[in-house]
Amino acid sequence: MKKIFRMVLAGVVVAMGLTACNEDNNEDVKKLVEEQNAAIESLTKVYLDKVVYPTYSDLATAATTLYEQIAALNAKLKSGTAVTDKEVSDICESYKEARKYWEQSEAFLYGAASDFNIDPHIDTWPLAIETLREILVNDEQMSRLDDADPSKAIEYARTTLSEDGQLGFHGLEFIFFRDGKSRSSTYFNSNGTEKYENYFVGYDVKAHTEVIYAKAVAGDLRDKCYQLEVAWEGATAPAAHKARVEACKESFGDDYGVTTKTGLSYGEDLLAASTPKSSLASSSWKKVMETIFISGCSNICGEVADQKMGQAYRASTSSTVTYHEGEDGEDEADDPNYIESPYSYNSFADFYDNIMSIQNSLYGNIEAAAGGYETSSVMAYLVKYNKSQADELQGKLTAALKALKACLDSGTPFVKNPGSSLVGTAIDAVGELDTALNEASNWVLKN
């Protein structure tokens, strides 16, 4: 009996020990989850305050300046006052500045830019030159775009012009740039006739007509940039910008929405993750990390490698026709002329800034030196919980930026040699960064 009792007692002790061990393990897991959730909530605040909000604020400011400069140029030309080369080049510099902020926002296109169709509205390319020509020779359309009331001219542009590049950045790029340089003030002062390649020959398209068109389009671009700013910042956005967006909403309804489906600003929605108030209510804080990694960073990474650089590169280097999936889901042939920013020669800067938008998102700041991430950031989180994964991701990010910098420093614009070996190297580097982003996201979700 004593022997049996001892065996039973020993079994009870072992069982009690296992139960205690399981309880300890469960408690450790619970503490780790709470710690990670707190860390992600903290880094999300930093991501919004130091990356998303200032990027959209700077974009809105630059778009305002661009519109005002074009409006001033138009007013001088209409009054018969000569404009200067500097005034034209200042417009081009403001364009590039706005362009930079826009490209550095593309790692968070998953928000208002996508939900309200703002991305294709202001950044469709290549520009359909023939369609632009038909606008510029249409007296009735140009009269409406030249309405004495700027708001009516902008409204007409918004409702009448197509999104084949006529709205947004690339129509403006065509008006003010040629061969990577600002156009001469002489062309505008003399009210010269546009003779771009074969598209305008035989058509009486005057310089002043182009500026009238540009003014209306720049106003629409400004309003859309305000919408992005207000949609993310909510109540803290500038009062004047909120008022302008509200006025646009009265005319255009849901196209000028500024909240998620739960009625929060996009910043508030992200910070309310895992609560009933957020559109992410059924998700965990780690899903916020997945959103930043995949819907944001990986999405633009894939676009840069496969479309922005990939289409023209493949079409220029392959002896066989290759295809990609078009916007309508149908296969389309790659095109050597599928070039973003061909008139300003800004393509490589666009691509570099796209990848910099990824670094900004991971680091929790804007344009820091390599490795200069915030103590509360996506990269810091990885360093703490999986150093090898962080090192792998940092290595691929550094390599992608280096490859694109080499393209920039080559002195040959993308439009002149899209099949360059430097472009191929950059495509591979950006593709590897995309893989690393997905691997990091998968690890975060599972750990």
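Some remarks on the side chain of Ser377
Turning to step 1, where the next piece is worked out: By the element assignment, Ser377 lies in the loop between helix 15 (347-363) and helix 16 (378-385).
Turning to step 2, where the next piece is worked out: Polar contacts involving the side chain of Ser377 include one to the main-chain carbonyl oxygen of Glu374, which spans 2.8 Å.
Turning to step 3, where the next piece is worked out: In contact with Ser377, other than residues within four places in its own chain, are Leu43, Leu362, Tyr363 and Gly364.

Brief notes about unusual backbone geometry
Turning to step 1, where the next piece is worked out: Of the consecutive residues Trp125 and Pro126, the connecting peptide bond is found in the cis state with omega at -5°.
Turning to step 2, where the next piece is worked out: Residue position: Pro126 is located in the loop between helix 4 (118-122) and helix 5 (129-136).
Turning to step 3, where the next piece is worked out: Notably, Asn117 is not glycine yet its phi reads approximately 65°, a positive angle.
Turning to step 4, where the next piece is worked out: Mapped onto the secondary structure, Asn117 falls in the loop between helix 3 (112-115) and helix 4.

Some remarks on the packing of helix 13 (residues 285-308) against helix 16
Turning to step 1, where the next piece is worked out: Two elements in contact, helix 13 and helix 16, have axes separated by 12 Å at closest approach and are oriented at 120°. Classified by the angle between their axes, helix 13 and helix 16 sit oblique to one another. The two elements helix 13 and helix 16 cross, and the hand of that crossing is left-handed. The residues of helix 16 that touch helix 13, namely those facing Lys286, Met289, Ile292 and Phe293, are Val378, Tyr381 and Leu382.

Describing helix 2 (residues 85-103)
Turning to step 1, where the next piece is worked out: Taking 1.5 Å of rise per residue, 19 residues should cover 27 Å, and helix 2 covers 27 Å from first to last C-alpha, within 8% of that figure.
Turning to step 2, where the next piece is worked out: All of the buried residues in helix 2 are Val88, Ile91, Cys92, Ser94, Tyr95, Ala98, Arg99, Tyr101, Trp102 and Glu103.

Rules used throughout
Residues numbered from 1 in each chain as written. Predicted model: local features only at pLDDT ≥ 70, side-chain atom pairs only at ≥ 80, totals over all residues. Heavy atoms only, no water. Helix = DSSP H or I, 4+ residues; strand = E, 2+ residues; numbered from the N terminus. Polar contact = N/O pair within 3.5 Å; in protein donor to acceptor, adjacent residues only side chain to side chain. Contact = heavy atoms within 4.5 Å. Axes fitted to C-alpha atoms, helices over the stretch in contact; angles between N-to-C directions. Parallel < 35°, antiparallel > 145°, perpendicular 65-115°, else oblique. Left-handed = near helix turned anticlockwise from the far one by under 90°. Expected span 1.5 Å × (residues − 1). Buried < 20%, exposed > 50% of the residue type's maximum accessible area, 1.4 Å probe, protein only.

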